[in-house]
Amino acid sequence: QVQLVESGGGVVQAGGSLRLSCAAAPRTFSSYGMGWFRQAPGKEREFVAAISWNGENTYYTDSVKGRFTISRDNAKNTVYLQMNSLKPEDTAVYYCAADMRAFSDPPADFGSWGQGTQVTVSS
């Protein structure tokens with residue numbers, strides 16, 4: 001399975017920006033769709049964004065459209081989540097995940113998960 005490690009979380013003020021990174025292995029990372037999810041205490045895990053295996057298609061939940069951008073650099077085995085205009089309601093632990101199926105779009109069937117990185121947005 002794809003192994004994932006998130007980084008880049010931190011504390012920012014509302015309106016600020018943050019970029020999350022998810023380093024993946026093995027090299028065949030480039031064959032899999034990737035997604036970002038988040039979970040706040042007492043709440044269920046929520047889908048945030050996803051990107052197809054070839055990077056041509058992206059998907060976002062309505063609450064982050066226009067503010068967040070998902071991208072990937074297959075040469076570095078890394079997927080990113082650029083978060084702009086952050087709001088307090090964006091506060092959560094953010095997880096990246098990999099589709100279990102190669103060359104599949106839209107990304108789904110997420111079966112590999114990272115450990116998460118905390119994002120806190122103050123008001």
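Use the structure listed above.
Since this is a predicted model, take the numbers as computed values, not measurements.

Undergrad: Teacher, can you tell me more about the state of the cysteines here?
TA: Structurally, a disulfide amounts to a covalent bond that connects the sulfur atoms of two cysteines. Applying the stated rule across the entire model yields 1 disulfide. One disulfide bridge connects Cys-22 with Cys-96, the sulfur atoms lying 1.9 Å from each other. The disulfide joining Cys-22 to Cys-96 has a torsion of about 55° about its S-S bond and is therefore right-handed. In this pair, Cys-22 is assigned in strand β3 (residues 18–25) and Cys-96 in strand β9 (residues 92–102), connecting sequence segments 74 residues apart. Since its relative accessible area comes to 0%, Cys-22 is described here as buried.

Undergrad: Mind showing me how you'd approach the pattern of salt bridges here?
TA: Should their charged atoms come close, side chains of opposite charge can pair. This structure, assessed with the given rule, holds 5 salt bridges. The partner of Glu-46 in a salt bridge is Arg-38, with the nearest N and O atoms 2.9 Å apart. The partner of Arg-67 in a salt bridge is Asp-90, and the shortest N-O contact between them spans 2.8 Å. Residue Arg-67 is located in the loop between β6 (58–60) and β7 (68–73), and its partner Asp-90 is located in the loop between β8 (78–83) and β9; the two are separated by 23 residues in the primary sequence. You'll find Arg-67 and Asp-90 in the same group, each marked buried. What emerges from the salt-bridge pattern is a single network uniting Arg-38, Glu-46, Arg-67 and Asp-90.

Reading guide: rules and limits
Residues numbered from 1 in each chain as written. Predicted model: local features only at pLDDT ≥ 70, side-chain atom pairs only at ≥ 80, totals over all residues. Heavy atoms only, no water. Disulfide = S-S within 2.5 Å. Helix = DSSP H or I, 4+ residues; strand = E, 2+ residues; numbered from the N terminus. Buried < 20%, exposed > 50% of the residue type's maximum accessible area, 1.4 Å probe, protein only. Salt bridge = Lys/Arg side-chain N within 4 Å of Asp/Glu carboxyl O.

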